[in-house]
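# Architecture at a glance
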Amino acid sequence: MKLARFMHNGAEQVGIVTDKGITSLALNRLEDCMGLTAAGVRSKSSKEIIPLKRVRLLAPVQPSKIICLGWNYLEHIEELKHNIPEQPMVFLKPPSGIIGPEDDVILPNPRISSQVNNEVELAVVVGKRSKNVRTEDAYSHVLGYTVAQDITARDIQWRLRQKNEQWDIAKAFDTFTPIGPYVVTPAGIKNPHNLAITLRVNGKIRQDSNTKYMIFKIPEVISYLSSVMTLLPGDVISTGTPKGVDLIKDGDVLEAEIEGVGVLRNRVSK
Ligand code: MG
């Protein structure tokens, strides 16, 4: 099942997306679908089907935190000449950086950063309050999956890394965290670790991999993170990017796609 948050007739709503369009749900947040069966979710939907072109899709969730993994694809580690981490390498992005489908990624002033990079990632959306989750129970804490981009000011990150300083700020700019367009529930994804993951820039493929190449898999990531911090409904875990990170520039159209999850389209502007 594909779930979305959207604006229609001036009101923010959540709904179910099908080939015919979108039906509104009598729920405040997508996270409220957690624990309901598919029939239970459908029982909350209106009869009216709104064509997708008549709504504006929003970032599907408004998380309390966005937790990102770095160095989680071997080929990306080789690309940037890093060591393989012994445990998940974690950093946080601020929720204020989130934008939705079709929103613009806005480049910082070039005096601040002139090397902004794409990073397509599979994002896991947490469905319930989670603390000390066992690996074998981890999937029962997942509301679904969406597409994320972990946009990065690479020159700032490099500069700080060379000085052995924290570099999270390089990822924290406004608009640097596009997510969406939908949350696809686990029933719609046979195996989240066998999905094609691609990024097209102006129609040309730049990143092209598969989620099976992740080093730390979703269950152990959820277990590890929840041993440190309580995960809340709607929280987003972005699972790292494969190789192919490179410059994005004003006017570029970015299409981040994960098989079965969707295409997240954003333009770059200054
Ligand atoms: Mg990343």
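Nothing here was measured: the structure is a model prediction, and the numbers come from that model.

### Quick notes on unusual backbone geometry
A cis amide bond links glycine 180 to the next residue, proline 181, at an omega of 0°. Along the chain, proline 181 falls in strand β13 (residues 177-184). Notably, tryptophan 71 is not glycine yet its phi reads approximately 50°, a positive angle. By the secondary structure assignment, tryptophan 71 is in the loop between β5 (66-70) and α2 (74-79). Using a relative accessible area of 6% as the deciding quantity, one classes tryptophan 71 as buried.

### Quick word on the coordination of the magnesium ion
At 2.0 to 2.1 Å from the magnesium ion lie its protein donor atoms, namely Glu119 (OE), Glu121 (OE) and Asp150 (OD). The sequence pattern formed by the donor residues of the magnesium ion is E-x1-E-x28-D. Linking glutamate 119 in the loop between β9 (116-117) and β10 (120-126) with aspartate 150 in the loop between β11 (142-149) and β12 (152-153), this pair joins segments that are 31 residues apart in sequence. You can call glutamate 119 buried: its relative accessible area is 4%. Taking relative accessible area as the criterion, aspartate 150 reaches 2% and is therefore assigned buried.

### Some details on the domain arrangement of the protein
Taken domain by domain, the protein comprises domain 1 (2-57) and domain 2 (66-269). On the domain 2 side, the residues contacting the twelve residues of domain 1 number 15 residues. Summed over both partners, the interface of domain 1 with domain 2 comes to about 1100 Å²; 68% of that surface belongs to carbon and sulfur atoms. When residues of domain 1 are sorted by the area they lose upon contact with domain 2, Lys2, Met34 and Leu57 head the list and together hold 50% of the total. A salt bridge links aspartate 103 to arginine 56; the nearest nitrogen and oxygen atoms lie 3.3 Å apart. Elements represented by at least two residues in the side of domain 1 that touches domain 2 include exactly β1 (2-8) and β4 (56-58). Among the elements that make up the side of domain 1 that touches domain 2, the one with the highest residue count is β1 (three residues). Tallied by class, the residues present in the side of domain 1 that touches domain 2 amount to eight nonpolar, no polar and four charged.

### Details of the side chain of aspartate 235
Considering the arrangement of structural elements, one finds aspartate 235 in the loop between α4 (218-226) and β16 (236-238). For aspartate 235, a relative accessible area of 0% translates into the label buried. Engagement of the side chain of aspartate 235 in a polar contact is seen with the side chain of serine 64, the distance being 2.7 Å. In this view, aspartate 235 contacts Pro63, Ser64, Lys65, Val124, Val125, Val126 and Thr230; residues no more than four positions away in its chain are not counted.

### What to know about the pairing of β11
If a strand is regular, its side chains alternate between the two faces of the sheet. Of all eight residues in β11, eight are buried; the element is thus mostly enclosed. Across seven bridges, β10 lies against β11 in antiparallel orientation. For valine 124, the partnering residue across the bridge sits in β11 and is tyrosine 145. Summarising the sheet, β11 and β13 pair through three bridges and their orientation is antiparallel. Directly across from valine 147, in β13, lies its bridge partner glycine 180.

What counts, and where the lines are drawn
Residues numbered from 1 in each chain as written. Predicted model: local features only at pLDDT ≥ 70, side-chain atom pairs only at ≥ 80, totals over all residues. Heavy atoms only, no water. Helix = DSSP H or I, 4+ residues; strand = E, 2+ residues; numbered from the N terminus. Buried < 20%, exposed > 50% of the residue type's maximum accessible area, 1.4 Å probe, protein only. Donors = N, O, S within 2.8 Å, 3.2 Å for Na, K, Ca; no water. Domains from an automatic or database assignment. Contact = heavy atoms within 4.5 Å. Buried area = accessible area lost by both parts, 1.4 Å probe. Salt bridge = Lys/Arg side-chain N within 4 Å of Asp/Glu carboxyl O. Nonpolar A, V, L, I, M, F, W, Y, C, P; charged D, E, K, R; others polar. Polar contact = N/O pair within 3.5 Å; in protein donor to acceptor, adjacent residues only side chain to side chain. Pairing = 2+ DSSP bridges.

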